[in-house]
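So the chains spell out like this:
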Amino acid sequence: MRINDIFKLAVDMGIKADFRGQEGVADFLESKKKKYEKLSEEDRQYFDKDSLTNPYSDSKIHNVADNREIKKIMMGIDIDSAEILLAKYLGDIDLVIGHHPIGKSLANLADVMSLQCDVLNYYGLPINIAEGLMRQRIEEVARGVNPINHQRGVDAAKIMGINLMNIHTPADNLAAKFLKMKVDAAKPKKVEDVIKLLKEIPEYKEASKIGTGPKIFAGSSENRCGKIALTEITGGTEGSPKLYEKMANVGIGTVVGMHINEEHKKEAEAANLNVVIAGHMSSDSLGMNLFADELERQGVKIVPCSGFTRASRI
Ligand SMILES: [Fe+2]
């Protein structure tokens, strides 16, 4: 496999697992195309043309130093200059794949967040409410990532001659779909049953051993779950705190997420929602593992690093 094949595989897997369905993703790409066509010649040169075919602007190929056959990949959650140096030191790494957005992917993180509107809509929230509340949050995230030193790790890869990409939302989609299928099949009754179910998954079992396993952030173990929503696993980053009240109003009882900040936690508590936080690095590892399994099936070796716990399902 070459770098482009690996990237395409990730995007295709991400689309297959996407809450919007293939049609929803096609609609999203179509609206991008329309936006592009309306631009002036001057503005078109700054438009991210990759976004016309890749619906995940937080995932990109950042450096192709040598377009060789990829046999060994170093895969991690956060890739920065240190990991690039590590790859160089190891000497036989053909490609580094990070999870969290870097470079242009980080600058474009807010672009994938509209996916959350569709996820919320899937769980019963009217689309106008989801879009209305997310709009403000998406703008906040776009401003928040603006001052970051986006290119730091990418520059290191260019200097060191290391092939580099990051895969964010496609992997989070895989984790969300995996968890949704587990929850739908097991139909946990109480919040403690959700925790028990998560701890059966290798990534969360390993995380529990180092104190970062699944935890209840709002509600209690004895609470009944009601309707369980996987609204906070994919879609860039945390949504709007104002969503919790609306989610409770449409009959959601428990939210399973990767991570939650204090403001969101307080709003969830005020809405009497249960919040189960599966864990951040562990949930990111789950999504990357499902992608890594496919790469291993095709004969590629994976070297895990930077918080990525490899658990093979092949
Ligand atoms: Fe993450």
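Within each chain, residues carry numbers counting from 1 in the order of the written sequence. Note on the predicted model: pLDDT of at least 70 is required for a residue's local features to be given, and 80 or more for side-chain atom pairs to be given and counted; whole-chain, interface and lining totals, by contrast, use all residues. Derived side-chain values reflect all non-hydrogen atoms in the structure, with water molecules and hydrogen atoms excluded from consideration.

1. Observations regarding the coordination of the iron ion
Around a metal, the ideal angle is 109.5 degrees if four donors adopt a tetrahedral arrangement and 90 or 180 degrees if six donors adopt an octahedral arrangement. As a reminder, the rule being used: Ligating atoms shown are N, O and S within 2.8 Å of the metal, or 3.2 Å for Na, K and Ca, and water is not included, meaning a site may look less than complete. Strands here are runs of E lasting at least two residues and helices are runs of H or I lasting at least four, both read from the DSSP assignment and numbered beginning at the N terminus. Under the scheme applied here, a residue whose accessible area is under 20% of the maximum for its type counts as buried, over 50% as exposed, and between as partly exposed, the area being computed with a 1.4 Å probe on protein chains only.
Surrounding the iron ion are the protein donor atoms His-100 (NE2), His-280 (NE2) and Asp-284 (OD), at 2.1 to 2.2 Å. Read N to C, the donor residues that coordinate the iron ion are spaced as H-x179-H-x3-D. Placement of the pair is His-100 in the loop between strand E3 (95–98) and helix H5 (103–107) and His-280 in helix H14 (residues 280–297), with a sequence separation of 180 residues. Overall, His-100 belongs to the buried group, its relative accessible area being 15%.

2. As for the side chain of Ser-57
To keep it simple, the criterion reads: Polar contact is the term for a pair of N or O atoms within 3.5 Å; when the atoms are in protein, one must be able to donate a hydrogen and the other to accept it, and sequence-neighboring residues count only if both atoms are side-chain atoms. A contact between two residues is defined here by any heavy atoms of the two lying within 4.5 Å.
With respect to the helices and strands, the residue Ser-57 is situated in the loop between helix H3 (41–44) and strand E1 (60–63). Judged by relative accessible area, which is 2%, Ser-57 ranks as buried. Of the polar contacts made by the side chain of Ser-57, one reaches the side chain of Asp-111; its length is 3.0 Å. Setting aside residues up to four positions removed in sequence, Ser-57 forms contacts with Asp-48, Ser-51, Lys-104, Ser-105, Asn-108, Asp-111 and Val-112.

3. A short note on the layout of surface pockets
Here is the rule: The rule is simple: put a 1 Å grid over the protein atoms alone, call a set of points where a 1.4 Å probe fits but cannot get out a cavity, call an open set with protein on both sides within 12 Å along at least five of seven lines a pocket, and count a residue as lining if it has an atom within 4 Å of a point. Grid points are joined across faces, edges and corners, and a volume is the space filled by probe spheres set on the points. Under the scheme applied here, ten amino acids are nonpolar (Ala, Val, Leu, Ile, Met, Phe, Trp, Tyr, Cys and Pro), four are charged (Asp, Glu, Lys and Arg), and all others, including Gly, are polar.
For the largest pocket, the calculated volume is near 500 Å³. In terms of lining residues, the largest pocket is bounded by 20 residues, among which Phe-28, Lys-35, Asp-111, Ser-114 and Ile-138 are the most central. Elements with a contribution of two residues or more to the lining of the largest pocket: helix H2 (21–38), helix H6 (115–122) and helix H7 (127–145). If one sorts the elements of the lining of the largest pocket by residue count, H7 sits on top with 5 residues. A breakdown of the residues in the lining of the largest pocket according to their chemical character gives 8 nonpolar, 5 polar and 7 charged.

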